[in-house]
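The lines below spell out each chain.
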Amino acid sequence: MNGTISHTKSDHVHHGAKNDDGSKFRSGIFIYAEAGVVFQGLVQSLERTFPDLNVRLSSKLNETNESDENTGLVLVHAGFAFDLADCVEHCKHRFPHASITLMIDENSAGIHEYNALFDSKQVQGLLPFSLKLDIWLAVVWLLLNGGEYYPSTIVRLMEKTAPAKSHGLNGQAKGATGPMKSLTIREHQILELLSEGLQNKIIADRLALSEHTVKVHVHNLIRKLRVHNRTQAAAVYRDSIDQEELRPPFKGYSAPLHPQSTYVMSQAI
């Protein structure tokens, strides 16, 4: 999708409206993401664009057996979910009538998993943060009305830049080179401190982050390195250093890094 898409009053969805097939339009949007400034701004933009919809932001998926029949769209921050496939499955049970869309960062190493979920119809859209805000909102409108969104140009670029993984006969990656190369600079920072035996609270203080943010990064590290706990993640890191396969481009933490956000969408809010 290219260019700017303008909205008229008739373009906006309304509570209780009918879809083209006569079914009831679902009047809610649920966003599963960290409840920070960026996503709070996103909620405000959605509320301005779709004033008749109930927009909710939460960093937790409620542990309840009750289903939500009125939510029509679930937006999941892919980088926030610990086990993405399990998260999607939970959303499908919790919101049985909702389209599920993954909000993705173009620098993410999980593009192959995202594609698999889309191809298997587990999710209905891949929504990059790099889209301009008006286009981003137009895609939300499309998804709310039963459409799908797959930005092929962006996905192909992500696939080209995704780290190649060498696999053995058992399907597991050989050594730690592939998974280690998939980590971001911030994840390398946290992994090095984690390998020193530091607790999340201390790591957060060293890097000027919230303890919750560090916890999310640790969960993502465990998933990316295909290990079961932080101790195993630290062992993978030490092994990679011993073999000189990969060394982080930094040493020490006297001056914590504060990388600039690459989210064009968030900058536009």
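The preceding data block contains the structure.
> Sorry, what's going on with the pattern of salt bridges here?
Pairing between side chains becomes possible if they bear opposite charge and their charged atoms approach one another. Per the stated rule, a full pass over the model turns up four salt bridges. In this structure, Asp68 and Arg56 form a salt bridge, with 2.7 Å as the shortest nitrogen-oxygen distance. With Asp68 in the loop between β2 (54-58) and β3 (71-77) and Arg56 in strand β2, the pair connects residues that are twelve residues apart, well separated along the chain. Judged by its relative accessible area of 14%, Asp68 falls in the buried class. Look at Arg56 and you get partly exposed, because its relative accessible area is 27%. For Lys224, the salt bridge is made with Glu187, and the minimal N-O distance between the two is 2.9 Å. Placement of the pair is Lys224 in helix α9 (residues 211-224) and Glu187 in helix α7 (residues 185-195), with a sequence separation of 37 residues.

> What am I meant to see in empty space enclosed by the protein here?
Once rolled over the atoms, a probe with the size of a water molecule shows which space is left empty. On inspection of all chains with the given rule, the structure shows one cavity of 30 Å³ or more. By volume, the largest cavity amounts to about 40 Å³. What lines the largest cavity is simply Phe30, Arg56, Leu61, Asn62, Arg94 and Phe95. Taken together, the residues of the lining of the largest cavity break down into three nonpolar, one polar and two charged.

> Honestly, the environment of Ser152 in this entry has me stumped. Any pointers?
Along the polypeptide, Ser152 turns up in helix α5 (residues 152-161). Taking the C-alpha atoms as reference, Ser152 lies 9.7 Å from Leu126; in sequence the two are 26 residues apart.

> Before we go on, may I ask you to explain the nonpolar core in this structure?
Soluble globular proteins tend to pack their nonpolar side chains together in the buried interior. Formed by 52 residues in total, the largest nonpolar core has its most connected members in Ile29, Ile31, Val76, Leu84, Leu102, Met103 and Val140. If you tally residues by element for this core, the top one is helix α4 (residues 133-144), at eight residues. Excluding anything up to four places from it in sequence, Met103 contacts Ile31, Tyr32, Ala33, Phe39, Leu42, Leu75, Val76, His77, Ala78, Leu127, Phe129 and Trp136. If you look at the next biggest cluster of nonpolar residues, it comprises 21 residues, including Ile190, Ala204, Val214 and Val227.

> It is not clear to me how the pairing of strand β1 (residues 28-32) should be interpreted in this structure. Could you clarify?
The side chains of a regular strand alternate, residue by residue, between the two faces of the sheet. Of all five residues in β1, five are buried; the element is thus mostly enclosed. Neither face of β1 is left uncovered, since the one carrying Gly28, Phe30 and Tyr32 and the one carrying Ile29 and Ile31 both have all their residues buried. The parallel pair β1 and β2, bridged by helix α1 (residues 37-49), forms a crossover whose chirality is right-handed. Relative to β3, β1 runs parallel, the two being bridged by five bridges. The residue bridging Ile29 from the neighbouring strand is Leu73, located in β3.

> Help me out: how do you make sense of the pairing of strand β5 (residues 125-128) in this one?
Residues Gly125 and Leu127 point to one face of β5 and Leu126 and Pro128 to the other, with burial holding for every one of them. Where strand β4 (residues 99-104) lies against β5, four bridges are found, and the strand directions are parallel. Its bridge partner being in β5, Ile104 is matched across the sheet by Pro128.

Reading the values: rules and limits
- Residues numbered from 1 in each chain as written.
- Predicted model: local features only at pLDDT ≥ 70, side-chain atom pairs only at ≥ 80, totals over all residues.
- Heavy atoms only, no water.
- Salt bridge = Lys/Arg side-chain N within 4 Å of Asp/Glu carboxyl O.
- Helix = DSSP H or I, 4+ residues; strand = E, 2+ residues; numbered from the N terminus.
- Buried < 20%, exposed > 50% of the residue type's maximum accessible area, 1.4 Å probe, protein only.
- 1 Å grid on protein atoms, 1.4 Å probe; cavity = no way out; pocket = protein on both sides within 12 Å on 5 of 7 lines; lining within 4 Å.
- Points joined across faces, edges and corners; volume = space filled by probe spheres on them.
- Nonpolar A, V, L, I, M, F, W, Y, C, P; charged D, E, K, R; others polar.
- Core = buried A, V, L, I, M, F, W, Y, C linked by side-chain atoms within 4.5 Å.
- Contact = heavy atoms within 4.5 Å.
- Right-handed = clockwise from strand over helix to strand, strands pointing away.
- Pairing = 2+ DSSP bridges.

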